[in-house]
Amino acid sequence: MIIGIGVAQDQQKVIASIRALNGAAEVVCYTSADLPSSPLYRVARSTTPECALINDLKDGVIDAAVRGSLPASATLSLLRTAMQVDHLERIALLETVSGQKFLLAPVGVDEGWTIAQRVALVEQARMIAERFGLSSKVAVLSGGRYGDVGRHPIVDQSLAAGELVAKVGGAVHYEIRIEDAVESCGVVIAPDGIAGNLIFRTLSFLGGGKGHGAPVVNIGKIFIDTSRASPDYTNALLLAISMFDW
């Protein structure tokens, strides 16, 4: 298996992540920088490494891609165009500080803003959860408890939308109680992309948890999105390997 990973900033973090694979896959580093040669990886140097990475993924030169430390906006925009989709659907694999793993979506600020998009994420995430050996039970979150109805129109709208997503998707509406949801559910669907992004960042960067990467599930290729703030990319690389035999 050949995995491509983007290298912009934090070169040593990327190299350490590749070293941690212990040869489980062949790795190609896509970069515009002067990356030192190494038996751990090959270097694909380009003035536009995000273009090179996405094009090689599309053309089958590599079997999977990990964004690594390439810029998010440019890379994801190129991915969307190359794969001919009008939006990307990302589902993050997270782990709490106590070791509880679950899938979270949407995690991009521009994702999950319609009922249809959230229902599609329910269906995609349920299949991935089964592959990972997680519970296929899906929790749908909203912006309050039922007892909060009438306190603010946006809360009322969020509760109604959460109830509808749960009903259509065959999921359970947990209202705002994410702490209860992760106890029995392998999938958590946030009210929208902003909320999902905040959950991800709070758990991973403040709460002592881990982010294992976020596969893009609507492009027919293995692409693992990552945050440049992640301590390393080992989990994202391992996630790409685990998805290769699906």
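What comes next concerns the included structure.

What counts, and at which threshold
Residues numbered from 1 in each chain as written. Predicted model: local features only at pLDDT ≥ 70, side-chain atom pairs only at ≥ 80, totals over all residues. Heavy atoms only, no water. Pairing = 2+ DSSP bridges. Helix = DSSP H or I, 4+ residues; strand = E, 2+ residues; numbered from the N terminus. Contact = heavy atoms within 4.5 Å. Axes fitted to C-alpha atoms, helices over the stretch in contact; angles between N-to-C directions. 1 Å grid on protein atoms, 1.4 Å probe; cavity = no way out; pocket = protein on both sides within 12 Å on 5 of 7 lines; lining within 4 Å. Points joined across faces, edges and corners; volume = space filled by probe spheres on them. Nonpolar A, V, L, I, M, F, W, Y, C, P; charged D, E, K, R; others polar.

1. Focus on the sheet that holds strand β1 (residues 2-7)
Argument step 1. The sheet built from 6 strands is open, its strands ordered β3-β2-β1-β4-β12-β11 with mixed pairing. The open sheet terminates on both sides in strands that have one partner only, identified here as β3 (42-45) and β11 (214-215).
Argument step 2. Sheet topology places strand β2 (residues 26-31) next to β3; 4 bridges connect them, and they run parallel. Paired with Y30 across the strands is A44, a residue of β3.
Argument step 3. Relative to β1, helix α1 (residues 11-19) is tilted by about 160 degrees, and along the sheet it contacts β1 and β2.
Argument step 4. Sheet strands touched by helix α2 (residues 49-59): β1, β2, β4 (64-66) and β12 (222-225). Its angle to β2, the strand with the most contacts, is close to 140 degrees.

2. Focus on the sheet that holds strand β5 (residues 92-95)
Strand pairing in a sheet relies on backbone hydrogen bonds, with the paired strands running either antiparallel or parallel.
Argument step 1. Across the sheet, which stays open at both edges, the 6 strands sit in the order β8-β7-β9-β6-β5-β10 with mixed pairing between neighbours. Because the sheet does not close on itself, it has two edges, and the strands there are β8 (172-175) and β10 (210-211).
Argument step 2. Sheet analysis places strand β6 (residues 101-105) next to strand β9 (residues 187-189), joined by 3 bridges and oriented parallel. Across the sheet, L103 pairs through a bridge with V187, a residue of β9.
Argument step 3. Taken strand by strand, helix α5 (residues 153-169) contacts β7 (138-141) and β8, and its axis lies near 155 degrees from that of β8.

3. Re empty space enclosed by the protein
Argument step 1. Within the structure shown, the criterion is met by 1 cavity of 30 Å³ or more.
Argument step 2. For the largest cavity, the full set of lining residues is H87, L88, E89, E111, G112, Q117 and L121.
Argument step 3. Here the lining of the largest cavity is built from residues that sort into 2 nonpolar, 3 polar and 2 charged.

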